[in-house]
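# An overview of the molecular structure
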Amino acid sequence: MSSGSHRHAAEVGCLTIAGGHVGGTISVPGDKSISHRVAMLAALASGTSTIRRFCNGDDCLATLSALNSLGVEHAWDDQVLSIYGVGRDGLNAPGVAIDCGNSGTTMRLLCGLLAPQDFSTTLIGDESLSRRPMERVAEPLREMGARITTTDGGPPVRIDGNPQLRAGRIEIEVASAQVKTALTLASLYADGESRVSTPGMVRDHTERLLPLFGCPIRTEGQATVVRGHVELQAIEFSVPGDISAAAFFMVAACLAGHGVTRIVDVGLNPGRSALIRLLQDMGARIEVSEHSAGAAEPTGEIHIWPSDLTGIDVPKDVVAPAIDEFPALCVAAACADGETTIRGAGELRFKESDRIETMAVALRTLGVFVETSSDGLLIRGGDISGGTVDCAGDHRIAMALSILGLVSRDSLTVTGTECIQTSFPGFQDLLAKAGANIIGNPEIQISAEKP
Ligand code: S3P
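Residues numbered from 1 in each chain as written. Predicted model: local features only at pLDDT ≥ 70, side-chain atom pairs only at ≥ 80, totals over all residues. Heavy atoms only, no water.

### Details of the overall build of the chain
The condition that has to hold: Elements are defined by DSSP. Helices are runs of H or I of four residues or more, strands are runs of E of two residues or more, and each kind is numbered from the N terminus. This radius of gyration counts C-alpha atoms alone. The globule rule is 2.2 Å times how many residues there are, raised to the power 0.38. Working definition: with a 1.4 Å probe on protein chains only, accessible area under 20% of the residue-type maximum means buried, over 50% means exposed, and in between means partly exposed. The contact criterion used throughout is that any non-hydrogen atoms of two residues lie within 4.5 Å. All accessible areas in this document rest on Shrake-Rupley with a 1.4 Å probe, and a residue is counted as covered only by the protein chains that are shown. In this tally, Lys and Arg are treated as positive and Asp and Glu as negative; His is ignored, and so are the chain termini. One atom stands in for each charge, and that atom is NZ of Lys, CZ of Arg, CG of Asp or CD of Glu.
Within the chain one finds 13 helices and 25 strands. For 451 residues, the compact-globule formula gives about 22 Å, and the C-alpha radius of gyration of the chain, at 21 Å, lands near that figure. Sorting the 451 residues of the chain into buried and exposed places 60% on the buried side. Residue pairs at least 24 apart in sequence account for 76% of intrachain contacts in the chain once pairs closer than 6 positions are excluded. As presented, the chain carries roughly 16,200 Å² of accessible surface, and 46% of it is formed by carbon and sulfur atoms. Within the chain, one finds 36 positive and 54 negative side-chain charges whose respective centroids are separated by 4 Å.

### Section: the environment of Ser374
Mapped onto the fold, Ser374 is located in the loop between β20 (369-373) and β21 (376-380). The spacing of Ser374 and Pro216 is 158 residues in sequence and 40 Å in space, taken between C-alpha atoms. Non-local contacts of Ser374, meaning those with residues more than four positions away in its chain, are made with Gly346, Arg349 and Ile356.

### Quick notes on the packing of helix α3 (residues 104-114) against helix α5 (residues 135-143)
Applied cut-off: For helices, the fitted line uses only the C-alpha atoms of the stretch in contact; every axis is such a line through C-alpha atoms, and the angle between N-to-C directions lies from 0 to 180 degrees. Put simply, angles under 35 degrees are roughly parallel, angles over 145 are roughly antiparallel, angles from 65 to 115 are roughly perpendicular, and the rest are oblique. Handedness of a crossing follows from how the near helix is turned relative to the far one, being left-handed for an anticlockwise turn of less than a right angle and right-handed for a clockwise one.
Between α3 and α5, the shortest axis-to-axis distance is 10 Å and the interhelical angle comes to 15 degrees. Considering the angle they form, α3 stands roughly parallel to α5. Crossing of α3 over α5 shows right-handed handedness. Residue-level inspection shows Arg108, Cys111 and Gly112 of α3 in contact with α5, the latter providing Arg136, Val137 and Leu141.

### Things to note about the confidence of the model for the chain
Using the following cut-off: Each residue carries a pLDDT value, the predictor's own confidence for that position, ranging from 0 to 100.
Here the chain shows a mean pLDDT of 94. Residues at 70 or above account for 95%. Between residues 1-11, whose pLDDT stays under 50, and residues either more than four places distant or in other chains, the model counts 36 contacts. Overall, residues 442-451 carries pLDDT values under 50, and its contacts beyond four positions in sequence, including any with other chains, amount to 21 contacts.

### Concerning the sheet that holds β21
The cut-off we apply is this: Here the rule is simple: two strands pair whenever DSSP picks up at least two bridges between them.
Within the open sheet, the three strands sit side by side as β19-β21-β20. Their pairing is antiparallel. Unpaired on one side and paired on the other, β19 (339-342) and β20 mark the two borders of the sheet. Across the sheet, the mean angle from the axis of one strand to that of its neighbour is 10 degrees, orientation sign disregarded. Direction of pairing for β19 relative to β21: antiparallel, over a ladder of four bridges. Counted as the bridge partner of Thr341 is Leu378 from β21. The strands touched by helix α11 (residues 355-365) within the sheet are β20 and β21, with β20 carrying the most contacts at an inclination of about 160 degrees.

### Details of the packing of aromatic side chains
Short version of the rule: Only rings of Phe, Tyr and Trp enter the pairing, Trp through its six-membered ring, and a pair is recorded when the two centres are within 6.5 Å. The plane angle decides the type: under 30 degrees is stacked, over 60 is edge-to-face, the rest tilted. Charge over a ring is defined by NZ of Lys or CZ of Arg lying within 6 Å of the ring centre and within 35 degrees of the ring normal.
Using the criterion set out here, one finds five aromatic pairs in the structure. An angle of 55 degrees between the planes, with centres 6.2 Å apart, marks the rings of Phe249 and Phe424 as tilted. Placement of the pair is Phe249 in helix α8 (residues 243-256) and Phe424 in the loop between β23 (412-415) and α13 (427-434), with a sequence separation of 175 residues. The exposure classification of Phe249 matches that of Phe424, with both residues buried. On the accessibility criterion, Phe424 (2% relative accessible area) is buried. Linked through ring pairs, Phe248, Phe249, Phe424 and Phe427 together constitute an aromatic cluster. A cation over an aromatic ring shows up here: Arg285 above the ring of Trp305, its NZ or CZ 3.7 Å from the ring centre. Over the ring of Phe369 we find Arg380, and its NZ or CZ is 4.2 Å from the ring centre.

### Comments concerning the site of the ligand
Note the following rule: The nearness test applies per residue and asks whether one of its heavy atoms lies within 4 Å of the molecule or strand. Under this definition, polar contacts are N or O atom pairs within 3.5 Å; protein pairs additionally need one hydrogen-donor-capable and one acceptor-capable atom, and for neighbouring residues in sequence, both atoms have to be side-chain atoms. For this classification, Asp, Glu, Lys and Arg are treated as charged, while Ala, Val, Leu, Ile, Met, Phe, Trp, Tyr, Cys and Pro are nonpolar and the rest, including Gly, are polar. Annotation comment: domain bounds sourced from an automatic or database domain assignment.
What surrounds the ligand is the set Ser33, Arg37, Thr105, Arg108, Ala175, Ser176, Ala177, Gln178, Arg203, Ile323, Asp324 and Lys351. At 2.6 Å from an oxygen atom of the ligand is found a side-chain nitrogen or oxygen belonging to Ser176. Here an oxygen atom of the ligand sits 3.1 Å away from a polar atom, N or O, in the main chain of Ala177. Out of a free accessible area of 380 Å², the ligand has 95% covered by protein chains. Of all the elements in the fold, those that place two or more residues in the shell around the ligand are α1 (32-44), α3 and α6 (177-187). Considering only residue class, the shell around the ligand consists of three nonpolar, four polar and five charged. Split by domain, the residues of the shell around the ligand number at least three in each of domain 1 (9-30 + 240-446) and domain 2 (32-238).

### Things to note about the sheet that holds strand β7 (residues 98-99)
Within a sheet, adjacent strands bond to each other through the backbone by hydrogen bonds, running parallel or antiparallel. Strands sit in the order β7-β8-β10-β9 across an open sheet of four strands; the sheet is mixed. Every interior strand has two partners, whereas the edge strands, β7 and β9 (147-151), have only one. In the sheet, strand β8 (residues 120-124) pairs with strand β10 (residues 154-160) via four bridges, with the strands oriented antiparallel. Its bridge partner lying in β10, Ser120 is registered against Asp160.

Okay, here's the thing in structure tokens:
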């Protein structure tokens, strides 16, 4: 049994792309959101859960290592992860602060998981995570009786466990799946039923996983009703491919496809797949075939053909189900005919970087007209010049900008691309195999193995 995390080599440096195309069959890593959740629930279950295709990006490894410091061991056998559940009351106090790295999902979900424990913990993160808002999760947890202190609204977050949390009706003010999941995890420890609701639709992976672990839930509109003190049982589970990782290849296949591109074994959860509809609205030829009727998470294939895109007004109701896809969508917009407007997406300012600002700066550097507002952007499609742009340490921006190198006039270099490891180890290789012309980069080094 190993208590260490999965080891992989990390690429450090920048990525230069000089045209090429994408095509063929593409399989992306396991879904990051689902991987975090399945790991935490497996930790609380009795018995050993086995999980295939767990996302091995740094964010999910941060969750495994956090669980490890709480006394939950895991082991890798080839690509299969075993998590040795300790039961709902089996977590131990960690000796030191838990470092969540760059991962907002790790930190926010842990707030819910740790609030009802009988010990205290402190959660810390890297520079980017330290700037992200944590009161949105701390405040509704306090309504249940949690004792949580943030630092100027963000990390470090101090949690003084309170095993006597109150069940009840909790109305979360932000449409955040992370916050909803945190409250749901805390509710597993409260006496009686809790009803947790968000103002709009958010991804429902937690709600789909809980019944598999033997914890029935009820859904009432946007609310989830969950009963506390149910014993969770270990599961065998296969994580679907991450549609948010597939997004970059979907856009690449529209802009620089070579015949049809097939993305296989990918999650098609309706709370995550809005980019497909948005690209179709822009004129993309995309077909979807689902093959998982009855499974907890719908999965299937996405087929994309090269397409001429036209700008659109992005409807506000797709902002939440497409929230992680805006960097990819902005790239599609930059290459589309006409203007694309995005509004009601102020949440983009609170991601791994301020995605409105980072995207605007990069696209302007490449010669694209962009206007920003507090909650969105207007992008006028045009020629992409090429040159050097920075991703501000944001994995999704790094991958989105790389795609522009397929169509830019001159080669395009994205700096800071080591952050791609956050969610998509192997992105560069996959892009090269699909047909992108990636220029040999002397700055790429293989870093020391991760601890
Ligand atoms: C996530 C929810 C979203 C998303 C993030 C992952 C999750 O964040 O942007 O990448 O796994 O629940 P919010 O909960 O802040 O909307």
